[in-house]
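Here are the chains, one letter per residue:
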Amino acid sequence: MNELLEMLKRAVMLGDEEETVRLVGEALHTGLLPRTVLEEAMMPAMEEIGERFSRNEAFIPELIVAAMAMEKGMEALKPFLAGEERGRGLVVLGTVHGDIHSIGKNLVRMCLEGAGFQVVDIGEDVRTERFVEAYREHRPDILGLSALLSSTMQRMPEVIEAVRAEDPSAVIMVGGAPVTREFAERIGASGYAPNAFEAAVKARELLSATD
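Residues numbered from 1 in each chain as written. Predicted model: local features only at pLDDT ≥ 70, side-chain atom pairs only at ≥ 80, totals over all residues. Heavy atoms only, no water.

## A short note on the pairing of strand S2 (residues 117-121)
Direction of pairing for strand S1 (residues 89-95) relative to S2: parallel, over a ladder of 5 bridges. Looking across to S2, one finds that valine 92 is bridged to valine 120. (Pairing = 2+ DSSP bridges. Helix = DSSP H or I, 4+ residues; strand = E, 2+ residues; numbered from the N terminus.)

## A closer look at helix H5 (residues 103-114)
With 12 residues, H5 extends 16 Å from end C-alpha to end C-alpha; this agrees with the ideal 16 Å at 1.5 Å per step. Judged by how many residues are buried, H5 sits mostly within the fold: 10 of 12 residues are covered. Positive phi shows up at glycine 116, right after H5, with a value of about 100°. (Expected span 1.5 Å × (residues − 1). Buried < 20%, exposed > 50% of the residue type's maximum accessible area, 1.4 Å probe, protein only.)

## Some points on the nonpolar core
In terms of nonpolar packing, the biggest core is built from 47 residues, with Met42, Met70 and Leu77 touching the most fellow members. Of all the secondary structure elements, the ones that give two or more residues to this core are helix H1 (2-14), helix H2 (17-29), helix H3 (34-54), helix H4 (60-84), S1, H5, S2 and helix H9 (196-210). It is H3 that contributes the most residues to this core, 8 residues altogether. Once residues within four sequence positions are removed from consideration, leucine 77 is found in contact with Val24, Leu28, Pro34, Val37, Leu38 and Met42. Listed in part, the 27 residues of the second largest apolar core include Leu145, Val163, Phe183 and Ile187. (Core = buried A, V, L, I, M, F, W, Y, C linked by side-chain atoms within 4.5 Å. Contact = heavy atoms within 4.5 Å.)

## What about the sheet that holds strand S3 (residues 142-146)?
Taking strand neighbours across the sheet as the criterion, the 5 strands line up as S2-S1-S3-S4-S5 in an open arrangement whose pairing is parallel. Every other strand in the sheet has two partners, leaving S2 and strand S5 (191-192) as the edge strands with one partner each. Taken together, the 4 bridges between S3 and strand S4 (residues 172-175) define a ladder with parallel strand orientation. Residue pairing in the sheet places leucine 145 in a bridge with valine 174 of S4. Packed on one face of the sheet, H5 meets S1, S2 and S3 and runs near 155° to S2. (Axes fitted to C-alpha atoms, helices over the stretch in contact; angles between N-to-C directions.)

## Description of a nonpolar patch on the surface
A cluster of nonpolar side chains, contributed by Phe53, Ile60, Ile64 and Met68, occupies part of the molecular surface with about 310 Å² of accessible area. The leading source of residues in the nonpolar patch is H4, at 3 residues. Among the structural elements, isoleucine 64 can be located in helix H4. (Patch = residues over 30% accessible without salt bridge, like charges linked within 9 Å, V, L, I, M, F, W, Y side chains within 5 Å. Areas by Shrake-Rupley, 256 points an atom, 1.4 Å probe, with all protein chains shown as cover. Salt bridge = Lys/Arg side-chain N within 4 Å of Asp/Glu carboxyl O.)

## Details of the packing of H1 against H2
Running from N to C, H1 and H2 point in directions that differ by 160°, and their axes come no closer than 9 Å. It follows from the interaxial angle that H1 and H2 lie roughly antiparallel. Every pair of crossing elements has a handedness; the one defined by H1 and H2 is left-handed. Counting all contacts with H1, which are made through Leu4, Met7, Leu8, Ala11 and Val12, the residues of H2 involved are Glu19, Thr20, Arg22, Leu23, Val24, Glu26 and Ala27. Of the residues that constitute the contact of H1 with H2, the class distribution is 8 nonpolar, 1 polar and 3 charged. (Parallel < 35°, antiparallel > 145°, perpendicular 65-115°, else oblique. Left-handed = near helix turned anticlockwise from the far one by under 90°. Nonpolar A, V, L, I, M, F, W, Y, C, P; charged D, E, K, R; others polar.)

## Remarks on the pattern of salt bridges
This structure, assessed with the given rule, holds 16 salt bridges. Close ionic contact of glutamate 39 with arginine 35 constitutes a salt bridge, the shortest N to O distance being 3.3 Å. With glutamate 39 and arginine 35 both in helix H3 and 4 residues apart, this pair spans about one turn of that helix. The class for glutamate 39 is partly exposed, based on a relative accessible area of 30%. Across the salt bridge formed by arginine 130 and glutamate 133, the nearest N and O atoms sit 3.9 Å from each other. With arginine 130 and glutamate 133 both in helix H6 (residues 128-138), this residue pair falls 3 residues apart, about one helical turn. On the basis of relative accessibility, which here comes to 31%, the residue arginine 130 falls in the partly exposed class.

## A closer look at the pairing of S4
Within a regular strand, the side chains alternate between the two sheet faces. Residues Ile172 and Val174 line one face of S4 and the alternating positions Met173 and Gly175 line the opposite face, and both faces are buried. This β-α-β element, S3 to helix H7 (residues 156-166) to S4, shows right-handed connectivity. With 2 bridges connecting them, S4 and S5 associate as parallel partners. The residue bridging methionine 173 from the neighbouring strand is glycine 191, located in S5. Handedness of the crossover is the feature at issue here: the chain leaves S4, passes through helix H8 (residues 181-186), returns alongside S5, and the resulting connection is right-handed. (Right-handed = clockwise from strand over helix to strand, strands pointing away.)

So, in structure tokens, the structure goes:
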């Protein structure tokens, strides 16, 4: 069983979409739980490639192909995850204005969906007014803001202020490479996560706290 998970992890890291989908199917066929496949193979693959990237041991193309393999694997896994957990809540997710990076946000989306959340992804380079419009339209349980640049993360406070003007009780999570827990607390975010997997965990915590 462990060998199969290790093979799946390697396939994701190498960006082998076909092998990733095949191994997801094989893992489920052998009786592994969908959550085990996600948490012990697929997410560790993305965490490791992310760590390599941060150490300049992997580069953007490798990150992109791994994310694409992860996405294909999640498509195969999602129906089974939905059977385990569904209806957790609604999350609106976007990357702030000036930031066109999507990989981190997309990983968060996949992990949230894997955890049973419904996710409305409003894309990258999202202006503050669009966040407010999306919040007004969907009335999500959680609003998620992503940024990969230290310059663009400075947009987060204005988004939080604008959305809280619409709804003072809005639950807003922030994340991205330059974002820290201290920064999140300083700007009044409801929660922060250092990676995509932890974002799903934190979202569950925040939802439980508001029940």
